[in-house]
Amino acid sequence: MEIRKTEWTDQRTEELVGQLLRAGVTSAAVLVVAGAAVFLVRHGFQPANYRVFAGEPTDLRSWRGILHEALHARGRGIMQLGLLVLLLTPVARVVFAAFAFAMERDWLYVAVSTFVFLVLLYSMAGSGL
Amino acid sequence: MNNLEFTALVGAGSFGAGFLGALTGLGGGVVLVPLLTLLFHVDIRYAVGASLISVIATSSGAAAAYVREGFSNIRIGMFLEIATTLGALFGAFLAVIVTTKAIGLIFGGTLLYSAYLSTRPHKDVYTDEPQDPLATKLRMNGEYPSLTGMREYHVHRVPLGFGLMFGAGALSGLLGIGSGAVKVLAMDQAMKIPFKVSTTTSNFMIGVTAAASAGVYLSRGYIDPGMSMPVMLGVLAGSLLGARLLAKTETKKLRFVFATVIAVLGIEMLYQAATGKI
């Protein structure tokens, strides 16, 4: 019966994934809080202007830029890094699922999840991230 | 207002949205963009970017809780994700060329429709449905725990579900919402999947869909850390608390209140967009 073959992709794996995601979200939150502290200490009393859309500086739009800003202890860089980590948690979920499907030798779904992963990859790389 | 004030106020508002969203199961994200644009006069593109972040936060944050119950069906979710992520890319690219006024109008309409949808009843159990050959070939059928033991269910009308999911993804990419309601609707009504399976699978899906759009938004510079930070932290805190209190509250009344709020916000957004303030 098919149901028994799906052990890897059901309860047990999903529970592991759940813990993985929680860890990812927590790390992201820690980074964002740390970045927020730096940002607010330095710029807390400056006006917040988000009325006009100006687009983010390129430093905050790409991997390299974000890491660079974060490593140089720029509050906005650290926060952006945290946001990036958060963005990666669903991606990790998809990758994990692909491996779980491979464990079950369900090649159709390995292909399906790989496709979804590639779409996600493209979305981040598509415009230069 | 300065950054400190902005952070505190937006954080509080986001906390409320996350809290209500978790309590009612209706997704607080849909309230965030109107809140940010109408109340704080944030440009809608920044608002959508921040909202996408909050969708990922609640999806990944709540994952552990949903999973323990054993309802989600990863195969259904993953297969339909092909449609939603492609839709999300489409929606995100649309967001670049569509005017903010149009986004505001579409958002207002979606809010009104969401309010209407949440008042519709859903069928909890589909019994005696014959097997759909395509769904069976794709191994989508499954079983879920119920009071009478493990219960089998069958999935139907995969192409229709697929198409609806593409639409849900596009909405997500354009408006920054999780489109959880549309997804649950598609799975529940179109594909005849049991409600609890639909909702938990949808939770998995909204995070992945939002990530697809968020990637585009991030690389285009629509995600501002100073602005997204209070949203992310507020929503996380709010939804964690809301999930804790879930068992102790009467959700029916809350849902009605929430649906009313969404309807009012929908009208407000339509008005503001139409009069050129968005």
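Residues numbered from 1 in each chain as written. Chains lettered and ligands numbered in written order. Predicted model: local features only at pLDDT ≥ 70, side-chain atom pairs only at ≥ 80, totals over all residues.

### Section: unusual backbone geometry
Residue and element names in this part refer to chain B. At His 41, a residue that is not glycine, the phi angle is positive and equals roughly 55 degrees. By secondary structure assignment, the location of His 41 is in the loop between α2 (29-39) and α3 (44-67). Unlike most non-glycine residues, Lys 192 shows phi in positive territory, near 55 degrees. Along the chain, Lys 192 falls in the loop between α8 (180-190) and α9 (195-219). (Helix = DSSP H or I, 4+ residues; strand = E, 2+ residues; numbered from the N terminus.)

### Concerning the packing of helix α7 (residues 158-175) of chain B against α9 of chain B
Residue and element names in this part refer to chain B. Viewed as axis vectors pointing N to C, α7 and α9 meet at an angle of 50 degrees, and their least axial separation amounts to 9 Å. With respect to α9, the element α7 is oriented oblique. For the pair α7 and α9, the crossing hand works out as right-handed. Packed against α7, whose contacting residues are Gly 169, Ser 172 and Gly 173, the element α9 presents Thr 209, Ala 210 and Ser 213 at the interface. A breakdown of the residues in the contact of α7 with α9 according to their chemical character gives 1 nonpolar, 5 polar and no charged. (Axes fitted to C-alpha atoms, helices over the stretch in contact; angles between N-to-C directions. Parallel < 35°, antiparallel > 145°, perpendicular 65-115°, else oblique. Left-handed = near helix turned anticlockwise from the far one by under 90°. Contact = placed C-beta atoms within 7 Å. Nonpolar A, V, L, I, M, F, W, Y, C, P; charged D, E, K, R; others polar.)

### Notes on the confidence of the model for chain B
When pLDDT is averaged across chain B, the result is 81; 88% of the residues are at 70 or more. Of all helices and strands in chain B, the one with the weakest mean pLDDT is strand β1 (residues 142-146) of chain B (72), whereas helix α4 (residues 74-97) of chain B scores best (89). (pLDDT = per-residue confidence, 0-100.)

### Quick word on the packing of α7 of chain B against α8 of chain B
All names here are of chain B. At a closest axis distance of 9 Å, the pairing of α7 and α8 adopts a crossing angle of 170 degrees. For the element pair α7 / α8, the angle class is roughly antiparallel. Here α7 contributes Leu 160, Gly 161, Leu 164, Met 165, Gly 167, Ala 168 and Leu 171 to the contact with α8, which in turn contributes Val 182, Lys 183, Ala 186, Met 187 and Ala 190.

### Details of helix α5 (residues 100-117) of chain B
Residues and elements named next belong to chain B. For α5, built from 18 residues, the straight-helix expectation of 26 Å at 1.5 Å per residue is met to within 8% by its first-to-last C-alpha distance of 25 Å. Within the span of α5, buried status applies to Ile 103, Gly 104, Phe 107, Gly 108, Thr 110, Leu 111, Ser 114 and Ala 115. Viewed end-on, α5 has its buried residues packed into an arc of 170 degrees, placing them on one side of the element. (Expected span 1.5 Å × (residues − 1). Buried ≥ 20, exposed ≤ 12 C-beta atoms within 10 Å, placed from the backbone. Arc of directions from axis to C-beta.)

### Describing the nonpolar core
One finds Ile 53, Ile 56 and Met 232 of chain B to be the most contacted residues of the largest nonpolar core, which totals 123 residues. Here Ile 56 of chain B is in contact with Leu 86, Leu 87, Thr 89 and Pro 90 of chain A together with Gly 207, Ala 210, Ala 211 and Ala 214 of chain B, once residues within four sequence places are set aside. (Core = buried A, V, L, I, M, F, W, Y, C linked by C-beta atoms within 7 Å.)

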